[in-house]
Amino acid sequence: MSKQINVALIGNPNTGKTSVFNALTGLNQKVGNYPGITVEKKEGICKLPRGVKAHIIDLPGTYSLNASSLDENVVIELLLNKNGKDYPDLAVVVSDVENLKRNLLLFTQIKDLEIPTILVINMSDRMAYKGITLDIAYLEKELKTKIALISTRKNKGISELKELLTHYKEISAEPCLNASEIDTSYFNNLRKAFPNQLLYKLWLVITQDVNFGKTDRKTYDAVEDFKTKSKADLKRLQQKETIKRYQFINETLKKGQTIDLKSAKDLRIKLDRILTHKVWGYLIFAVILLTIFQAIYDWSSVPMDFIDSSFAALSEWVKVTLPEGAFTNLLAEGIISGLGGIVIFIPQIAFLFLFISILEESGYMSRVVFLMDRIMRRFGLSGKSVVPLISGTACAIPAIMATRNIESWKERLITILVTPFTTCSARLPVYLIIIALVIPEGRVLGLSYQALTLMLLYLIGFGAAVGSAWILHKIMGQKSKSFFVVEMPNYKLPLLKNVALTVLEKTKAFVFGAGKIILAISIVLWFLASYGPGDNFNNAENIVTEKYASQNLSEDELNQKIESQKLEHSYIGIAGHAIEPAIRPLGYDWKIGIAIVSSFAAREVFVGTLATIYSVGSDEEETIKNRMAGEVNPILGGPLFNFASGISLLLFYAFAMQCMSTLAIVKKETNSWKWPLYQLVIMSGFAYLVALVAYQVLI
Amino acid sequence: MTLAELKRGQQAIITDVSSIHIPLKLLEMGCLPGNSVELVQVAPFADPMYLNINGSHLAIRKETAIHIIIETVHE
């Protein structure tokens, strides 16, 4: 019979913990969320010798058991809850051979919880390079543990680690130092008051500000009465505790570790001199951003066009092959196009995360934070917000997913909320056609007015993002004082396996997370556009054929007229008519209304919808443009798309939350409908106001 | 003097940290009395500061650094 044990992987950030996880579990892993919060939960299965299976949980990286973030809170909650289903039979603390001193702090804390603990010393391939030698037998004795010296990069020591996991019963659960010596009388009283509780666990509960979950709440409530010390006293004790732990670690390492500084080489200093330089640092970062931008904007257009045409062909094939009817239409136009609308994002997401994981893995991302912190901090953003904001210029969806590595929840939320303001590529078709219609062709200083308008729109988008971030920052206030402590890890060559797994995982998260919502909404929108009440819709063929009977139209032209008639009288068409009174002050008619309603699915649909309404039949931009130019304002006369209504429309699309996919991903990333709804109402409301003012001023 | 006044390349020893103003996380990363500290690099306007504290490389803001008291080491 096979037995399954729970193994928790714990470690400081940047120790290669995830590489160890990947080495142990391979593709047998799944990523989800901890219930009710947005912290990623990674778990996997590792088959061990002798029929034992290990269920491995890759806990979020943490520097200690004193939580300062939601992620770290997860670690403590899991380790304190003895009755939880994920409570580990065995803890594996992953450390980096170059930062052993600091990494061991967490190790001594885990040992105090009396969980059997293995110490993994990773990156052993760097030992010779850094002049480090270790006395493993001595360290094992002093730290009361078993040590696996491994290198995930060189794929060394993994089988030895698996061997240790198999013999989990022999691993010691004994603490390696007595931390309660820092205040003997206090801890003795504590022990007397709660004889059945682990002393260190009580101490953690007393000193943590964070909210614990429901895990044995009773103990915690009892502890509330025992806070005999003031907050400042407790903090002083925590400092004493930390010093005490470091004393033990220093003693141990003095004998167990020798570092020959003469043979140590440091690439870090040379690289940092350039990469964090006041001038070169920013220039290099700008080049990297441009490359990323180019990749998502330009390189991914090849696979995207392929996906687009494939799904269109598939949809066509289904229509031709299957018997005509409601089901075939649903499949071909609702479901397949809906799926296409999800798959189309994959190239951009994959490209962005390819770059981001390389930046993270190599250690460069911390330098970005260092360089950008001062600029971004004023707007309530993090240095890491730069990457989402810039990649939002291609598409807000991967950009919002990229906010996951911003530690502070407030900074991350602000970044998520403002990113959709940046000018994404889906706005471009709308901008281009309207600019071509209403902006004259002249030049100023060799620059065309049209190009300047486009640039202005990009600046407006970025300005709106940064400006609203500042407002949100002021509104939210300093509820949680965010301390800025960023580790600057060593530079490393990214591991291909880790990069590939990140890309795969993010893509999957999008397709199966937000994808469901996108598919559902697109089917609804398809239904509303394909069905309508009454004779005008259901009898569209006859009505149109009769109306144009005398004009001798070709079959194609007639079909286009029928499509147009159907769209006008479909549910969406009715909605377009219904909102006309509301959008007339903006200079729009009901046809634009329909285009606005249907482009809620995705902004670029605007152009296609207008093409159908004007029954031009082809997506050829020039044709649509000419047709649009000929539209007459039904009330005022004169062209419908004039300077005033054109600017109004441009501004509307610059600010309005016209993208259900973004809303879906925001729902997924914030784990609540509250934030996407705020976004929708506030952004679209603001867009309406600005468009209204613009039209009324310019007309 | 405080850590905020440290010059690039200068070596110093931490003599006192104001535990109320300093996040525990920073202490746990080795920012404790008796440990060595060196300024590796500063961002424009000397903020944030990129430090090597006791072998740990980390960046902190100036507003935090003013609460860490140091003594420079003359070599």
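Throughout, a residue's number is its position along its own chain's written sequence, starting from 1. Labels follow written order: the first chain is A, the first ligand is 1, and so on. Whole-chain, interface and lining totals are the exception, using all residues; otherwise, since this is a predicted model, local features are given only for residues with pLDDT of at least 70 and side-chain atom pairs are given and counted only at 80 or more. Only hydrogens and water are removed before side-chain values are computed, so all heavy atoms of the structure are retained for them.

Chain B is annotated in an unreviewed UniProt entry as Ferrous iron transport protein A from Winogradskyella arenosi.

In the nomenclature of an unreviewed UniProt entry, chain A corresponds to Ferrous iron transport protein B from the organism Winogradskyella arenosi. UniProt positions are given in the numbering used here, feature names are shortened, and annotations may be inferred rather than shown by experiment. Taken directly from UniProt, the Sequence similarities (unreviewed entry) text for chain A runs: "Belongs to the TRAFAC class TrmE-Era-EngA-EngB-Septin-like GTPase superfamily. FeoB GTPase (TC 9.A.8) family." Its UniProt record, at the heading Function (unreviewed entry), says of chain A: "Probable transporter of a GTP-driven Fe(2+) uptake system."

Visitor: Honestly, the packing of helix α21 (residues 449–476) of chain A against helix α31 (residues 643–655) of chain A in this entry has me stumped. Any pointers?
Guide: The geometry of a pair of packed helices is captured by two quantities: the angle between their axes and the separation between those axes. Residue and element names in this part refer to chain A. Their axes nearest at 10 Å, the elements α21 and α31 cross at an angle of 35°. In the packing of α21 onto α31, the handedness of the crossing is right-handed. The segment α21 lies against α31, with T453, L457, I460 and A464 engaging L650, L651 and F655. Of the residues assigned to the contact of α21 with α31, the class counts are 6 nonpolar, 1 polar and no charged. Simply put, an axis is a line fit to the C-alpha atoms, just over the touching stretch for a helix, and the angle between two N-to-C directions goes from 0 to 180 degrees. Each helix is a run of H or I in the DSSP string that is no shorter than four residues. Each strand is a run of E no shorter than two, and both are numbered from the N terminus. Less than a right angle of anticlockwise turn of the near helix away from the far helix marks a crossing as left-handed, whereas a clockwise turn marks it as right-handed. Residues are treated as being in contact if the distance between any of their heavy atoms lies within 4.5 Å. Gly is put with the polar residues, along with every residue not named as nonpolar or charged; the nonpolar set is Ala, Val, Leu, Ile, Met, Phe, Trp, Tyr, Cys and Pro, and the charged set is Asp, Glu, Lys and Arg.

Visitor: It is not clear to me how the packing of helix α1 (residues 17–25) of chain A against helix α6 (residues 158–166) of chain A should be interpreted in this structure. Could you clarify?
Guide: Residues and elements named next belong to chain A. Viewed as axis vectors pointing N to C, α1 and α6 meet at an angle of 80°, and their least axial separation amounts to 11 Å. As far as their axial angle goes, α6 and α1 are roughly perpendicular. Contacts between α1 and α6 involve V20, A23 and L24 from the first element and I158, L161, K162 and L165 from the second. Here is the rule for angles: anything less than 35 degrees is roughly parallel, anything more than 145 is roughly antiparallel, 65 through 115 is roughly perpendicular, and the remaining ranges are oblique.

Visitor: Sorry if this is basic, but what is going on with the UniProt feature "binding site: Mg(2+) 2" (unreviewed entry) in chain A here?
Guide: Residue and element names in this part refer to chain A. Under the present numbering, the feature "binding site: Mg(2+) 2" (unreviewed entry) in UniProt falls on A23, T25 and G26. Here A23 shows up in helix α1. The buried label goes to any residue with under 20% of its type's maximum accessible area, the exposed label to any with over 50%, and the partly exposed label to all in between, with areas taken from a 1.4 Å probe on protein chains only. Overall, the relative accessible area of 24% leaves A23 in the partly exposed class. Setting aside chain neighbours within four positions, we find A23 in contact with T152, I158 and K497. Within the secondary structure layout, T25 lies in helix α1. Residues within four places of T25 in sequence aside, it is in contact with G44, I45 and I56.

Visitor: Help me understand a nonpolar patch on the surface in this model?
Guide: Residues and elements named next belong to chain A. A patch consists of residues exposed above 30% relative accessible area that lack any salt bridge, with like charges linked at up to 9 Å and nonpolar side chains (Val, Leu, Ile, Met, Phe, Trp, Tyr) linked at up to 5 Å. Accessible areas in this description were obtained via Shrake-Rupley with a 1.4 Å probe; residue shielding takes into account the shown protein chains only. Salt bridges, as used here, are contacts in which a Lys or Arg side-chain nitrogen is within 4 Å of a carboxyl oxygen on Asp or Glu. Together, I274, V279, W280 and L283 give the surface a local cluster of nonpolar side chains, amounting to about 400 Å² of exposed area. One can find I274 in helix α11 (residues 267–275). For I274, a relative accessible area of 43% puts it in the partly exposed group.

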